[in-house]
Amino acid sequence: SPFFFGPPATSKKPIARLTGHVQLVNCVCFSPDGQWLASGSFDGSVRLWIAKSGKFVATFRGHVGAVYQLAWASDSRLLASGSKDSTVKVWEMKTRKLKEELPGHADEVYAVDWSPDGERVASGGKDRNLKMWRS
């Protein structure tokens, strides 16, 4: 049986259906401020949605391989994505554009996260290495 935090919802139906990726969706991540929902896909794109409504906002393109993981900076202004293409990319919400590409892995990047102070991005991948950058 499903596990509930608190009383069960009145309806088991989803409140929104967000479509647009053309291959499987591998990761979803709400921004810390609750404003955004980001999704990453094997189609190589990251999509940005309004968290409350599910309304589509933007597609971030730049990866040339599947997007494996997403992580938000604590202030919700930047989003990092790790990919099969061996890069970490940092996307800026204000401009809806690529802010920085963080190369350095020799192979697929499976894990990415921000430090709580927003000063560093860490990643790990198939090359058995962890990398850390200043944001």
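Just so it is clear, the model here is predicted, and its values are computed rather than measured. (Residues numbered from 1 in each chain as written. Predicted model: local features only at pLDDT ≥ 70, side-chain atom pairs only at ≥ 80, totals over all residues. Heavy atoms only, no water.)

A. Looking closely at the environment of V64. Counting through the fold element by element, V64 comes out in the loop between β4 (56-60) and β5 (67-72). In sequence terms V64 and S86 are 22 residues apart; their C-alpha atoms lie 9.4 Å from each other. (Helix = DSSP H or I, 4+ residues; strand = E, 2+ residues; numbered from the N terminus.)

B. Inspection of the pattern of salt bridges at higher detail. Overall, the coordinates contain three salt bridges when judged by the stated rule. Among the salt bridges present, the one from K89 reaches E101, with a minimum N-O distance of 2.6 Å. Separated by 12 residues along the polypeptide, K89 in strand β7 (residues 88-92) and E101 in strand β8 (residues 97-102) bring together distant segments of the chain. Overall, the relative accessible area of 39% leaves E101 in the partly exposed class. R120 is paired through a salt bridge with D117; the nearest N and O atoms lie 3.6 Å apart. (Salt bridge = Lys/Arg side-chain N within 4 Å of Asp/Glu carboxyl O. Buried < 20%, exposed > 50% of the residue type's maximum accessible area, 1.4 Å probe, protein only.)

C. Layout of the sheet that holds strand β9 (residues 109-114). Pairing in this open sheet of three strands is antiparallel, and the strands run β9-β10-β11 from one edge to the other. Of all the strands in the sheet, just β9 and β11 (130-134) have a single pairing partner and so form its edges. Looking at each pair of strands side by side, their axes are set apart by 20 degrees on average, direction ignored. Bridge count for β9 against strand β10 (residues 120-125) is five bridges, and the pairing is antiparallel. Each bridged residue has a counterpart across the sheet, and for V112 the counterpart in β10 is S123. (Pairing = 2+ DSSP bridges. Axes fitted to C-alpha atoms, helices over the stretch in contact; angles between N-to-C directions.)

D. Fine view of unusual backbone geometry. Positive phi is not limited to glycine here, since S76 has a value of about 65 degrees. Note that S76 resides in the loop between β5 and β6 (78-83). Its relative accessible area of 4% is what places S76 among the buried residues. You will see that R128, though not glycine, has its phi angle at about 70 degrees, which is positive. Here R128 shows up in the loop between β10 and β11.

E. Expanded view of the packing of aromatic side chains. A complete count under the given rule lists four aromatic pairs for this structure. Aromatic side chains F60 and W91 sit 5.1 Å apart centroid to centroid with 10 degrees between the ring planes, which places their arrangement in the stacked category. Here F60 is found in strand β4, whereas its partner W91 is found in strand β7, with 31 residues between them in sequence. An aromatic cluster is built from F42, Y68 and Y110, whose rings are joined through pairwise contacts. (Phe/Tyr/Trp six-rings, centres within 6.5 Å; stacked < 30°, edge-to-face > 60°.)

F. Just the sheet that holds strand β2 (residues 36-41), in detail. An order of β1-β2-β3-β4 is seen for the four strands of this open sheet, with the pairing classed as antiparallel. Here the strands that pair on one side only, and so sit at the sheet edges, are β1 (25-30) and β4. Averaged over all adjacent pairs, the angle separating strand axes in this sheet is 20 degrees, with direction ignored. Here strand β3 (residues 46-50) runs beside β4; their pairing, made up of four bridges, is antiparallel. Looking at the pairing, V46 lines up with F60 of β4.

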